[in-house]
Amino acid sequence: MKIIIVKDYEKVSDKAFEIMKEVVSGNPEAVLGLATGTTPLGLYARMIADHEENGTSYARVKAANLDEYAGVGKDNPNSYAYFMRKNLFDKIDIKLENTHIENGMALNADAECKRYAELLANMPRDIQVLGIGSNGHIAFNEPGTPFDSVTHTVELAESTVRDNARLFDRIEDVPRKAFTMGLSEIMQAKKILILATGANKADAVYGMIRGEVTEQLPASILRKHPDCVLICDEAAGSRLKN
Ligand code: F6R
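First things first, this report covers the structure right here in the doc.

Rules used in this analysis
- Residues numbered from 1 in each chain as written.
- Predicted model: local features only at pLDDT ≥ 70, side-chain atom pairs only at ≥ 80, totals over all residues.
- Heavy atoms only, no water.
- Salt bridge = Lys/Arg side-chain N within 4 Å of Asp/Glu carboxyl O.
- Helix = DSSP H or I, 4+ residues; strand = E, 2+ residues; numbered from the N terminus.
- Buried < 20%, exposed > 50% of the residue type's maximum accessible area, 1.4 Å probe, protein only.
- Near = heavy atom within 4 Å.
- Polar contact = N/O pair within 3.5 Å; in protein donor to acceptor, adjacent residues only side chain to side chain.
- Areas by Shrake-Rupley, 256 points an atom, 1.4 Å probe, with all protein chains shown as cover.
- Nonpolar A, V, L, I, M, F, W, Y, C, P; charged D, E, K, R; others polar.
- Pairing = 2+ DSSP bridges.
- Axes fitted to C-alpha atoms, helices over the stretch in contact; angles between N-to-C directions.
- Contact = heavy atoms within 4.5 Å.
- Lys, Arg positive; Asp, Glu negative; His and termini not counted.

1. Topic: the pattern of salt bridges
As enumerated under the stated definition, the model contains 15 salt bridges in all. Notably, a salt bridge pairs Glu10 with Arg46, separated by 2.7 Å at the nearest N-O pair. With Glu10 in helix H1 (residues 9-26) and Arg46 in helix H2 (residues 41-54), the pair connects residues that are 36 residues apart, well separated along the chain. The salt bridge partner of Arg85 is Asp75, with a shortest N-O separation of 3.0 Å. Residue Arg85 is located in helix H3 (residues 80-87), and its partner Asp75 is located in the loop between strand S4 (67-69) and H3; the two are separated by 10 residues in the primary sequence. Given the relative accessible area of 16%, Arg85 is considered buried. Put simply, Glu10, Asp14 and Arg46 are held in one network by salt bridges that share partners.

Structure, rendered in structure tokens:
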């Protein structure tokens, strides 16, 4: 894994954008694997600014997101579908019909997982953007998820519910179940960009890079990927320096 440590969140976003821009400029039909959460917001802001200022077009780009809360509809402001429209898709020229995410309201969860897994198999990602959970999760693949997993539903770890509570009025409102892309599907992307910022990610980043490659720390699977780049700020990378 290539490791880039830069000063702060803004520099992480700059570097991530540089790599994203290279992919999209090199291939106007690129397929992007995208993440929600706080970490990629700076990257998305730069993609929007670049679209507005330089006309970089996403008209033929396709996107597939990692995960979605179960029981939360796409027009609910807490859904990841809504997050993506608000923070990226509505502000660039990507066609909404070319953007994909699990349907949190699917009545038959197994059928929805199968549908999404088939879709992913037919749209290999050129680049996959990832954040990392403080417990080492990627997407909602919590510790213990098999490395060969495909799209599935998951009971969120207690620590993930606590981490995500900041985005809800009350912790009781945080959904406990989600749909997630599996680890084997994440690994299929041609290039992976994992971003980590803030001191609360330092242990997970250290474990991912210096610990064992183990299902107990899902992000450690990325060490087996031929083209994965970690971009982190000094706080998240602090334990790597010793
Ligand atoms: C989001 C996702 C999660 C987040 C992770 C970090 O689609 O799959 O794995 O990337 O929980 O979240 P933030 O960026 O909010 O710290």
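Now, onward.
2. Describing the site of the ligand
The immediate surroundings of the ligand are formed by 13 residues, with Thr36, Thr39, Asp67, His137 and Lys201 found nearest. Thr39 has a polar side-chain atom sitting 2.4 Å from an oxygen atom of the ligand. His137 is positioned such that a nitrogen or oxygen atom in its side chain is 2.7 Å from an oxygen atom of the ligand. Its free accessible area being 400 Å², the ligand has 92% of it covered by the protein chains. Here the shell around the ligand is built from residues that sort into 4 nonpolar, 6 polar and 3 charged.

3. Considerations on the sheet that holds strand S8 (residues 177-180)
The antiparallel open sheet is built from 3 strands, whose spatial order is S4-S8-S7. Here the strands that pair on one side only, and so sit at the sheet edges, are S4 and strand S7 (152-155). Between one strand axis and the next, the sheet turns by 25° as a mean value, whatever way the strands run. Pairing of S4 with S8, which is carried by 3 bridges, proceeds in the antiparallel orientation. Across the sheet, residue Glu68 finds its bridge partner in S8, namely Phe179.

4. Brief notes about the side chain of Gln128
For Gln128, the location among the structural elements is in strand S6 (residues 127-130). Side-chain polar atoms of Gln128 contact the backbone oxygen of Gly33, separated by 3.4 Å. Excluding residues that lie within four positions of it along the chain, Gln128 makes contacts with Gly33, Leu34, Leu66, Met181, Ile186, Ala189, Lys191, Ile192 and Leu193.

5. Considering the sheet that holds strand S10 (residues 228-233)
Taking strand neighbours across the sheet as the criterion, the 7 strands line up as S1-S10-S9-S6-S2-S3-S5 in an open arrangement whose pairing is parallel. Edge strands, defined here as strands with exactly one partner in the open sheet, are strand S1 (2-6) and strand S5 (99-100). Where strand S9 (residues 191-196) and S10 come together, 5 bridges link them in parallel fashion. When the sheet's bridge partners are listed, Ala196 is paired in S10 with Cys232. The strands that H1 touches are S1, strand S2 (31-34), S6, S9 and S10; relative to S10, the one it contacts most, it runs at about 155°.

6. A closer look at the side chain of Glu102
Secondary-structure assignment places Glu102 in the loop between S5 and helix H4 (109-122). In this structure, Glu102 is buried with no salt-bridge partner, the nearest side chain bearing the opposite charge being Arg115 at 7.0 Å. Of the polar contacts made by the side chain of Glu102, one reaches the backbone nitrogen of Met181; its length is 3.4 Å. In this view, Glu102 contacts Asn65, Leu66, Asp67, Glu68, Glu112, Arg115, Tyr116, Thr151, Phe179, Thr180 and Met181; residues no more than four positions away in its chain are not counted.

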